[in-house]
Amino acid sequence: MARLLNTKPSQGLTIALGTAPFLAVATVYAIASAERLLVNARDNLLPSLQSMFAGLERVGFVTDPVSGHLVFLTDTLASLERLGIGLGIAAAIGLIIGLAVGLIPIARATLAPFISVLSIIPPITLLPILFIAFGLGDVSKIILIVIGITPFIARDIASRTQEIPEEMLIKAQTLYGSTWLITLHVVLPQIFPRLLESIRLSLGPAWLFVLSGEAIAAQSGLGYRIFLVRRYMAMDVIIPYVIWIGILAFTLDLALRWGAKRLSPWSQPGNTR
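Residues numbered from 1 in each chain as written. Predicted model: local features only at pLDDT ≥ 70, side-chain atom pairs only at ≥ 80, totals over all residues. Heavy atoms only, no water.

Bringing the environment of G177 into the picture now. Locating G177 in the fold gives a position in the loop between helix 7 (166-174) and helix 8 (179-201). Among the residues examined, G177 registers a relative accessible area of 23% and is labelled partly exposed. Ignoring any residue separated from it by four or fewer positions in sequence, one finds G177 in contact with A172 and I182. (Helix = DSSP H or I, 4+ residues; strand = E, 2+ residues; numbered from the N terminus. Buried < 20%, exposed > 50% of the residue type's maximum accessible area, 1.4 Å probe, protein only. Contact = heavy atoms within 4.5 Å.)

Here it is in structure tokens:
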């Protein structure tokens, strides 16, 4: 008898099953929206698809007086810039700290307790302090991402570093490898795929920190626009912006997956090269 855990769907069925939940949500929304609009044609809680296109065109496709670009484009680029800089800095710091904690006992004794404590502090609670210390500009929002993401990446890298077989490190030392050379040529190639995976898993919290910072104090950004129009209950703008954020997050996730396959093919399942 075929067991469910051994039943693998075909490629076509996989695509159909993956699409089904999205279609189900869209269908439920369309039905609920149609019923509400039948009762009240001016209801804006669940706007129709046509209303969302009109709302997005009304708000997002007008020229920003500061940048001269479309508001929708300006908001997208501003959020992606903050997200990219914050993730890049967090990844660099997390990699360095993680390697040190995982590889050097003195660094582990010094930094591991601090990273553990820092990782359990909700970063959002630090946002008022960051605004006071660094102002309301992009710096405070980027630092929020760095503080929120770095401990996770550092702990993940440290854990993966400690999983490297000790025999491999001993063999490298017998070949007169210094700590720096061992880190660069033995440890880093094995850690790099995990770094990309850690960044990918950090995308969700990073988006949360970006949108939170923009909602409180910003002049542009996807989070800023959502919280700007919410006072008018403009769901015809909010819902398209939320969907767009989901598309961006999904695209970044795919890009990191593709990057991992291209840059570290040896780490992929089933690849023995």
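Counted under the stated rule, the structure contains 3 aromatic pairs. Ring geometry for F61 against F72: centres 5.7 Å apart, planes inclined by 25°, an arrangement best described as stacked. With F61 in the loop between helix 2 (49-60) and helix 3 (71-103) and F72 in helix 3, this pair connects stretches of sequence that are 11 residues apart. A relative accessible area of 14% means that F72 is categorised as buried. Centre to centre, the rings of F72 and W244 are 5.4 Å apart; their planes meet at 45°, and the pair counts as tilted. You can see F72 sitting in helix 3 and its partner W244 sitting in helix 11 (residues 235-263), a full 172 residues away along the chain. We classify W244 as partly exposed; its relative accessible area is 26%. Each residue in the set F61, F72, Y241 and W244 is aromatic and connected to the rest through ring pairs, giving one cluster. (Phe/Tyr/Trp six-rings, centres within 6.5 Å; stacked < 30°, edge-to-face > 60°.)

A few words now on the pattern of salt bridges. In this structure the tally under the stated criterion is 9 salt bridges. With its nearest N and O atoms 2.6 Å apart, the salt bridge here joins R82 to E214. With R82 in helix 3 and E214 in helix 9 (residues 203-216), this residue pair connects regions lying 132 residues apart in the sequence. With relative accessibility at 0%, the residue E214 sits in the buried group. Residue R257 is joined to D253 by a salt bridge in which the shortest nitrogen-to-oxygen separation is 2.9 Å. Of this pair, R257 and D253 both sit in helix 11, 4 residues apart, which is roughly one turn of the helix. Among the residues examined, R257 registers a relative accessible area of 42% and is labelled partly exposed. (Salt bridge = Lys/Arg side-chain N within 4 Å of Asp/Glu carboxyl O.)

Another aspect to go through is the environment of S116. Structurally, the position occupied by S116 is in helix 4 (residues 105-119). Taking C-alpha positions, S116 is 9.2 Å from F152, a pair spaced 36 residues apart along the chain.

Here we come to helix 1 (residues 11-39). An α-helix turns once per 3.6 residues; consequently, residues spaced three or four apart project the same way. Taking 1.5 Å per residue as the helical rise, helix 1 with its 29 residues ought to reach 42 Å, and the 43 Å between its terminal C-alpha atoms agrees with that figure. Of all bends in helix 1, the biggest is about 30°, found at A20, and the proline P21 comes one to four residues later. (Expected span 1.5 Å × (residues − 1). Bend = angle between axes of the 7 residues up to and from the residue.)

Residue classification places R82 among the buried residues on the basis of a relative accessible area of 5%. At a separation of 2.6 Å, a polar atom in the side chain of R82 contacts the side chain of E214. Apart from residues lying up to four places away in sequence, R82 is in contact with D138, K141, I142, I145, E214, A218, S220 and G221. (Polar contact = N/O pair within 3.5 Å; in protein donor to acceptor, adjacent residues only side chain to side chain.)

Attention now goes to the packing of helix 2 against helix 11. One can describe the packing of helix 2 onto helix 11 by two numbers: an axis separation of 8 Å at closest approach and a directional angle of 90°. The orientation of helix 2 with respect to helix 11, classified from their angle, is roughly perpendicular. Across from S51, M52, G55, L56, R58, V59 and G60 in helix 2, the residues of helix 11 making contact are D236, V237, I239, P240 and Y241. For the contact of helix 2 with helix 11, the per-class residue count stands at 7 nonpolar, 3 polar and 2 charged. (Axes fitted to C-alpha atoms, helices over the stretch in contact; angles between N-to-C directions. Parallel < 35°, antiparallel > 145°, perpendicular 65-115°, else oblique. Nonpolar A, V, L, I, M, F, W, Y, C, P; charged D, E, K, R; others polar.)

A few words on the packing of helix 3 against helix 10 (residues 222-229). Running from N to C, helix 3 and helix 10 cross one another at 125°; their axes reach a closest spacing of 7 Å. Judged by the inter-axis angle, helix 3 sits oblique to helix 10. Together, V71, D75, T76 and S79 of helix 3 and L222, G223 and R225 of helix 10 make up the contact between the two elements. Taken together, the residues of the contact of helix 3 with helix 10 break down into 2 nonpolar, 3 polar and 2 charged.

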